[in-house]
Amino acid sequence: MTQILIIGAGQAGLTAVQTLRGEGFDGAITMLGDESFAPYQRPPLSKAYLLGAFARERLFLKPDAFYAQAGCELLLNARAEAIDRAAHTVRLADGRVLAYDKLMLATGTRVRKLTCPGADLPGVFYLRDIADVDAIQPVFTAGAKLAVVGGGYIGLEVAAVGAKRGLDVTVFEAMDRLMARAVSPAVSAFYKTEHEKAGVKLLLNTGVEAFEGAGKIEVVRAGGVRHPADMVLVGIGVLPNDTLARDAGLACDDGIVVDRSAMTSDPDIFAAGDCTRHHGREGVAIRLECVQNAIDQAKHAALAMLGRPQTYSEVPWFWSDQYDLKLQMAGLARPDDTIILRGDPVSRKFAVFHLRDGKVAAVEAVNAGPEYLMGRKLIAANAAVPPEKLADMSIAMKDML
Amino acid sequence: MPRITFIDPDEGEHVVDIPLGWSLMEGAVRNLVPGIDADCGGACACATCHVYVDPKWIAALPPKGEMEETMLDFALATAPNSRLSCQIRVTSDMEGLVLRIPVDQH
Ligand SMILES: Cc1cc2nc3c(=O)[nH]c(=O)nc-3n(C[C@H](O)[C@H](O)[C@H](O)COP(=O)(O)OP(=O)(O)OC[C@H]3O[C@@H](n4cnc5c(N)ncnc54)[C@H](O)[C@@H]3O)c2cc1C
Ligand code: FES
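Residues numbered from 1 in each chain as written. Chains lettered and ligands numbered in written order. Predicted model: local features only at pLDDT ≥ 70, side-chain atom pairs only at ≥ 80, totals over all residues. Heavy atoms only, no water.

Caption draft 1: Molecular detail of the overall build of chain B. Scanning chain B for helices and strands turns up two helices and five strands. For chain B, the N- to C-terminal ordering of α and β elements is β-β-α-β-α-β-β. A compact globule built from 106 residues would reach a C-alpha radius of gyration of about 13 Å, and chain B, at 12 Å, matches this within 12%. With the C-alpha coordinates of chain B rotated into their principal frame, the extents come out at 30 × 30 × 25 Å. The buried share of chain B, taken over its 106 residues, is 51%. Carbon together with sulfur atoms contributes 53% to the accessible area of chain B, which is approximately 4700 Å² in total. Counting 7 positive and 16 negative side-chain charges, chain B places the averaged centre of each group 5 Å from the other. (Helix = DSSP H or I, 4+ residues; strand = E, 2+ residues; numbered from the N terminus. Rg over C-alpha atoms; globule rule 2.2 N^0.38 Å. Buried < 20%, exposed > 50% of the residue type's maximum accessible area, 1.4 Å probe, protein only. Areas by Shrake-Rupley, 256 points an atom, 1.4 Å probe, with all protein chains shown as cover. Lys, Arg positive; Asp, Glu negative; His and termini not counted. Charge placed at Lys NZ, Arg CZ, Asp CG, Glu CD.)

Following this line, the structure appears as structure tokens:
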């Protein structure tokens, strides 16, 4: 019987299990994860779950009964330590050795850590998994001074939840605008205003130099100024978990390199999700950190493991919830795109389209579902839409094609 | 916990109790109701949680949001009673609600 082994029990691993069974695979599936939880959704961790508005059991992607029903052996608290490609085996930290015919790596990412003085003081937190939120909750209380390091979407989501829960929030961002890696300047500026309206202090162009405190965090030193703080949340990006692959001699380049069928440089090993680097639909090598990529790439990996490789060309999409604002993005923007604004940011409902060679290449939509969804369609279709038409609010989005 | 019935295309009935405040989709997934794939986990981005609402119940449900409306415009095999089950939060007056699952969500 064919044995498929999946390392990493997250969104990508779970999607692969579903796809394998959905496509009729009747061999053995084993999925192992080093966390103590079955696969769960991470997005609520910095949103509703942190707010306390979302019971833990709602995080899980499937109920426990699913794994037995799907014939998937799920090994939790199990860490893969080495792959022996010649023997087709994986060794776990506890000494167990598991054999595979096809192997899938879905190891995700880990947070990038600060290395400044005081970075390991108690009260300095990161946010990647359930255990992190559990550690944060007891001190995440009204009146506490929260310093957020990094004005990316995770830091800003935490800032928004903090403001809502009555914390005194300051965000430190080294760049000159918020979410600079992900959104265009117009959207950055809009979010700056919204956070300030909610009472969040934003310090741009301000890198953190050190943390100080006697036994726990008390002060954040940034831009030469000492800012009192009861807790710190660091959100400065993630690093792909590609060590296992690299040690096994698989091609890696800040992520496990896969082709568009999700195959690594070993034809019996596949990879999907946050841990990979692939050539996207635009032909440039990218690493995507989003649910969409975890799902779509995992489907491709599953099909490829069944000997039915497909070319991955889905449009990437992503969302972020801050306050009552739903930011939704699709496609990959480039700095030299032509920018078209549709709607007025003052109305708290607008979209920014990115045109490249006259074609819709990306969209960022704030509280604008039709713009986002139709934007996705236009990007997938490589559609050319005249700029004045896109900007014309009297033309409904569904009439853009 | 309101009791909700999902009827699959083969007329199989799946009766599940869903906690107040959860979405209908979450209740279905939690209880392994077949055919509610919910690929996007409720982000209103995939339409694989599409259901048909029993005609008696259409008016009793909260109206569609703009996002749901647009998503349904693009979904397969929709009808006037189509809804995205991830966009409907369970309330106490949904006791006895009946939903039908489409033949294919993809
Ligand atoms: C706070 C937060 C908010 C987010 N919000 C959004 C959002 O709004 N929208 C969005 O699209 N995306 C969001 N993301 C990103 C999204 O969660 C990820 O893209 C997605 O989880 C990637 O899935 P994955 O399966 O590739 O990796 P993961 O979900 O990270 O799963 C990988 C698993 O593998 C385990 N593992 C790693 N190495 C080993 C090993 N050697 N042995 C065994 N197990 C191992 C890891 O511990 C982990 O459990 C968010 C992420 C975070 C942390
Ligand atoms: S679960 Fe994806 S749209 Fe409802």
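Caption draft 2: How the structure looks around the domain arrangement of chain A. Residue and element names in this part refer to chain A. The assigned domain composition of chain A is domain 1 (3-109 + 238-305), domain 2 (113-234) and domain 3 (324-399). Placing the centre of domain 1 and that of domain 3 at their C-alpha centroids yields a distance of 32 Å. Across the boundary between the two partners, domain 1 contributes four residues, which contact five residues of domain 3. Summing both partners gives a buried area of about 390 Å² for domain 1 against domain 3, and 44% of it is carried by carbon and sulfur. Scanning the region where domain 1 abuts domain 3 turns up two salt bridges. In this structure, Arg 334 and Glu 282 form a salt bridge, with 3.7 Å as the shortest nitrogen-oxygen distance. When its residues are assigned to classes, the side of domain 1 that touches domain 3 shows two nonpolar, no polar and two charged. (Domains from an automatic or database assignment. Contact = heavy atoms within 4.5 Å. Buried area = accessible area lost by both parts, 1.4 Å probe. Salt bridge = Lys/Arg side-chain N within 4 Å of Asp/Glu carboxyl O. Nonpolar A, V, L, I, M, F, W, Y, C, P; charged D, E, K, R; others polar.)

Caption draft 3: Region of the structure containing the interface of chain B and chain A. Contact residues are listed per partner, giving 21 residues for chain B and 24 residues for chain A. Connecting chain B to chain A are four salt bridges. The partner of Arg 58 of chain A in a salt bridge is Glu 26 of chain B, with the nearest N and O atoms 2.7 Å apart. Our count for the chain B to chain A interface comes out at five residue pairs in polar contact (both at pLDDT 80 or more). Sorting elements by how many residues they give to the side of chain B that touches chain A places helix H2 (residues 66-74) of chain B first, with six residues. For the side of chain B that touches chain A, the class distribution of residues is ten nonpolar, five polar and six charged. (Polar contact = N/O pair within 3.5 Å; in protein donor to acceptor, adjacent residues only side chain to side chain.)

Caption draft 4: A look at the site of ligand 1. Residues and elements named next belong to chain A. In the neighbourhood of ligand 1, 34 residues make up the surrounding shell, with Asp 34, Glu 35, Lys 47, Arg 128 and Asp 274 lying closest. Trp 319 places a polar main-chain atom, nitrogen or oxygen, 2.9 Å from an oxygen atom of ligand 1. Summarising the interface, the protein chains cover 96% of the accessible area of ligand 1, which totals 990 Å² for the free molecule. Those elements that provide at least two residues to the shell around ligand 1 are helix H1 (11-22), helix H5 (153-164), helix H8 (291-305) and strand S22 (317-322). Of the residues belonging to the shell around ligand 1, the class tally is 17 nonpolar, nine polar and eight charged. (Near = heavy atom within 4 Å.)

Caption draft 5: Focus on the state of the cysteines. Summed over all chains, the structure comprises zero disulfides over all chains. Free cysteine Cys 290 of chain A: the closest other cysteine sulfur is in Cys 40 of chain B, separated by 13 Å. Residue Cys 290 of chain A is classed as buried on the basis of its relative accessible area of 10%. (Disulfide = S-S within 2.5 Å.)

Caption draft 6: Representation of the packing of H1 of chain A against H8 of chain A within the structure. Residues and elements named next belong to chain A. Following both chains from N to C, one finds H1 and H8 inclined at 40°, their axes separated by 8 Å at the closest point. The angle between H1 and H8 falls in the class oblique. Every pair of crossing elements has a handedness; the one defined by H1 and H8 is right-handed. Of the residues in H8, those touching H1 at Gln 11, Ala 12, Thr 15, Ala 16, Thr 19 and Leu 20 are Val 291, Ala 294, Ile 295, Ala 298, Lys 299, Ala 302 and Met 305. Residues belonging to the contact of H1 with H8 are distributed by class as follows: nine nonpolar, three polar and one charged. (Axes fitted to C-alpha atoms, helices over the stretch in contact; angles between N-to-C directions. Parallel < 35°, antiparallel > 145°, perpendicular 65-115°, else oblique. Left-handed = near helix turned anticlockwise from the far one by under 90°.)

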